[in-house]
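# Chains, contacts and geometry: an overview
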Amino acid sequence: MDTLIQSHLHHQQQHQQQLRNQSRQVLQESELHPASFVGQGVIEDAAFGEALVAANLMAVAVENQIAILELRSEEAKFTAKAAERKGVRLFNNREYTLDDRHRIVCDTTITHVAWSPQGVSLCATGEDMRLRRFVFISSRKNEGNDIVSGDGEAVGWVETFCVQAHSQSINGCDFSKDGDMIATCSDDGTVKVFEGHSGRIYKTYDLLHPLIKVQWSKSDDEPKQLVVADTRGKIRVYKFDDMEDAPLYSLSVGGALVDLAVHPRTSSLLACVTESKWHTFDMAQSSLPLVYGNLANTGTCIRWSKTDPNVFCVGLASSVQVIRLSEDDIHDVIAAETGQATTLCMHTSLPICFAVMGSTIVMIQY
């Protein structure tokens, strides 16, 4: 069994590297006009803040840094052709740009990032298999928009803890909806839950197989729930306080999972992608998919819209598609962009998907 798991992990790592190489090639050969370049190196992950104070802030994991980008918009002052030359994108006659605001420098390559629900802290994991938490400290703004403390000393992102989390690569991290807990999952087959403020380990769950995703439910109408997916295609939803018992819901997808997304309004509604298909499930109703679709090429990532409950975005090896579901289970592609997306993130209040393509971020309106 150990040999089979190690073989699968080796295949998974080779596949991820192949996707990154394909991403670089697609970007070099395409005529994409990127919304922003955030520096040298491949972007590993990106996430938008959900709280009001961070609603226009994107945390981007690139090499050994976390770049904090701000989405800015104003009425367009030039034509689309002039905008292309300046490297910005025009939507609804508005100009949108991603401006580099802060950089958090770490001592390892950062692989995953997530915002707290309050919007003033981040958690991040690295290739050193550690979990970190950063808090933004500020007091007032001066004329130059630099955040300074009362005595004139510059302040910003401060690391509050850095703890060893796993023995193998970490594949995800997420804050609970109240910010009190952080969950991580790993190739070592464990889910670990840490106290969100201290980094003290709270619980460890050994699920025996490499895990690709862990995500907390974010609905205010539900108790704390964890959704966990492993490489075999097994998805489980646990009520957090009862995780040592049987899961609330469980199902198996026909194929190895590549990515999973929990609906922002209910944790039982899921979207997932394998290398050849995407599926949606309502795990409270059935273990059979509500809707599914075949992919023209390899699936890479998937995310639900935060502004439209019937829309999700799926990344493929050569394109990104925004898909809307209808009541009669018919689905339509309502927007698309050429390029290899390695991860996606959705704005909280605007109908815009941000696709990471190598070292580039591309905006897609829907």
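Refer to the structure above for everything that follows.
In what follows, the accompanying structure is described. (Residues numbered from 1 in each chain as written. Predicted model: local features only at pLDDT ≥ 70, side-chain atom pairs only at ≥ 80, totals over all residues. Heavy atoms only, no water.)

## A short note on the sheet that holds strand β18 (residues 225–230)
To keep things clear, this is the line we draw: When DSSP finds at least two bridges between two strands, those strands are taken to pair. In DSSP terms, a helix is any run of H or I states spanning at least four residues, a strand is any run of E spanning at least two, and both are numbered starting from the N terminus. The axes used here are C-alpha line fits, helices contributing only the stretch in contact, and every angle between their N-to-C directions lies in the interval 0 to 180 degrees.
With antiparallel pairing, the four strands of this open sheet are ordered in space as β17-β18-β19-β20. At either margin of the open sheet sits one strand with a lone partner, and together these are β17 (211–216) and β20 (249–252). Averaged over all adjacent pairs, the angle separating strand axes in this sheet is 10°, with direction ignored. Note that β18 and strand β19 (residues 234–239) share five bridges and pair antiparallel. Considered in β19, the bridge of Ala229 is made with Ile235.

## Brief notes about the pairing of β17
Note the threshold: Whether a residue is buried, partly exposed or exposed follows from its accessible area with a 1.4 Å probe, protein chains only, as a fraction of its type maximum: under 20%, in between, or over 50%, in that order.
For β17, a buried count of six out of six residues is recorded, marking the element as mostly surrounded by other parts of the structure. Here β17 pairs with β18 via five bridges, running antiparallel. Residue Leu211 lies in a different strand from β18, and its bridge partner there is Asp230.

## Regarding the packing of aromatic side chains
What counts is decided by this rule: Between the rings of Phe, Tyr and Trp (Trp by its six-membered ring), a pair exists once the centres lie within 6.5 Å; its type follows the angle of the planes, with under 30 degrees stacked, over 60 edge-to-face, and the other angles tilted.
Following the criterion strictly, the structure yields five aromatic pairs and no others. Pairing Phe48 with Phe354 gives two aromatic rings, centres 4.9 Å apart and planes at 45°, and the pair type is tilted. Placement of the pair is Phe48 in strand β2 (residues 43–48) and Phe354 in strand β30 (residues 352–357), with a sequence separation of 306 residues. Side by side, Phe48 and Phe354 carry an identical accessibility label, which is buried. Summarising the aromatic geometry, the rings of Trp304 and Phe312 are spaced 5.7 Å apart at their centres and angled 75° between planes, so their arrangement reads as edge-to-face. By relative accessible area, which is 5% here, Trp304 ends up buried. Pairwise contacts between aromatic rings join Trp115, Phe136 and Trp157 into one cluster.

## Some points on the pattern of salt bridges
Note the threshold: Just to be clear on terms, a salt bridge is a Lys or Arg side-chain nitrogen sitting within 4 Å of an Asp or Glu carboxyl oxygen.
Following the criterion strictly, the structure yields 16 salt bridges and no others. Of the charged contacts, one joins Arg101 and Glu70 as a salt bridge, the two residues approaching to 2.7 Å between their closest N and O atoms. Of this pair, Arg101 sits in strand β6 (residues 94–105) while Glu70 sits in strand β4 (residues 65–75), and the two are 31 residues apart along the sequence. Glu70 gets classed as partly exposed once you look at its relative accessible area, which sits at 22%. Put simply, Asp230 and Arg236 hold a salt bridge, and the shortest N to O gap is 3.8 Å. Under the relative-accessibility criterion, Asp230 is labelled buried at 0%.

## Overview of the pairing of strand β16 (residues 201–206)
Pairing of strand β15 (residues 190–195) with β16 involves five bridges; the strand directions are antiparallel. Within β16, the residue paired with Val191 across the bridge is Tyr205. Here β15 folds back onto β16 in antiparallel fashion, the turn holding five residues, of which Gly199 has a positive phi close to 80°.

## Describing unusual backbone geometry
Although it is not a glycine, Glu63 adopts a positive phi angle of roughly 55°. Of note in this structure, Leu208 is not a glycine but carries a positive phi near 75°. One can find Leu208 in the loop between β16 and β17.

## Let's talk about the environment of Ser198
Quick note on the threshold: Side-chain atoms alone can form a polar contact between residues adjacent in sequence; in general such a contact is a pair of N or O atoms within 3.5 Å, and within protein one must be able to donate a hydrogen while the other accepts it.
When you line up the elements, Ser198 lands in the loop between β15 and β16. Judged by its relative accessible area of 41%, Ser198 is partly exposed. Within the structure, Ser198 has its side chain in polar contact with the side chain of Glu195 (distance 2.9 Å).

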